[in-house]
Amino acid sequence: MRESVIYQEILQEGREKGRQSELRLVMRQLTRRLGTVTPELQSQIQELSLAQLEDLGEALLDFTTEADLVNWLNRLGS
């Protein structure tokens, strides 16, 4: 059953819904912490995987400026 196409589609849909929920939470937290997040940064954040979003959710607790967010995102690309 786990190998069926339908099962895999349902599993993928569940993962995507979880990722979207995490994305909304992280964006709300960033807005509260830093104020308005630029569209460019929002775009970069939207491309993150679920694991990266979870890491960002933890890291943002230490952010004080937008530069902290930019530096964190730049470290991902390194």
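All of these numbers come straight from a predicted model, not from anything done at the bench.

1. Observations regarding the nonpolar core
Turning to step 1, where the next piece is worked out: Formed by 16 residues in total, the largest nonpolar core has its most connected members in Leu30, Ile45, Leu56, Phe63 and Leu69.
Turning to step 2, where the next piece is worked out: The set of elements that each furnish at least two residues to this core consists of helix 1 (5-34), helix 2 (39-46), helix 3 (50-59) and helix 4 (66-77).
Turning to step 3, where the next piece is worked out: Each residue touching Leu69, except ones within four places of it in the same chain, is listed here: Leu30, Leu34, Val37, Leu41, Ile45, Leu56 and Phe63.

2. Examining the confidence of the model for the chain
Turning to step 1, where the next piece is worked out: Here the chain averages 92 in pLDDT, and 99% of its residues register 70 or above.
Turning to step 2, where the next piece is worked out: Of all secondary-structure elements in the chain, the lowest mean pLDDT belongs to helix 1, at 90, while helix 2 reaches the highest, 97.

3. What to know about the pattern of salt bridges
A side chain with one charge can pair with a side chain of the opposite charge if their charged atoms come near.
Turning to step 1, where the next piece is worked out: With the rule as written, the count across this model stands at one salt bridge.
Turning to step 2, where the next piece is worked out: The residue Glu13 makes a salt bridge to Lys17 at a minimum N-O spacing of 3.5 Å. On the criterion of helical spacing, the pair formed by Glu13 and Lys17 is a turn pair, its members being four residues apart in helix 1.
Turning to step 3, where the next piece is worked out: On the basis of relative accessibility, which here comes to 46%, the residue Glu13 falls in the partly exposed class.

About the cut-offs
Residues numbered from 1 in each chain as written. Predicted model: local features only at pLDDT ≥ 70, side-chain atom pairs only at ≥ 80, totals over all residues. Heavy atoms only, no water. Core = buried A, V, L, I, M, F, W, Y, C linked by side-chain atoms within 4.5 Å. Buried < 20%, exposed > 50% of the residue type's maximum accessible area, 1.4 Å probe, protein only. Helix = DSSP H or I, 4+ residues; strand = E, 2+ residues; numbered from the N terminus. Contact = heavy atoms within 4.5 Å. pLDDT = per-residue confidence, 0-100. Salt bridge = Lys/Arg side-chain N within 4 Å of Asp/Glu carboxyl O.

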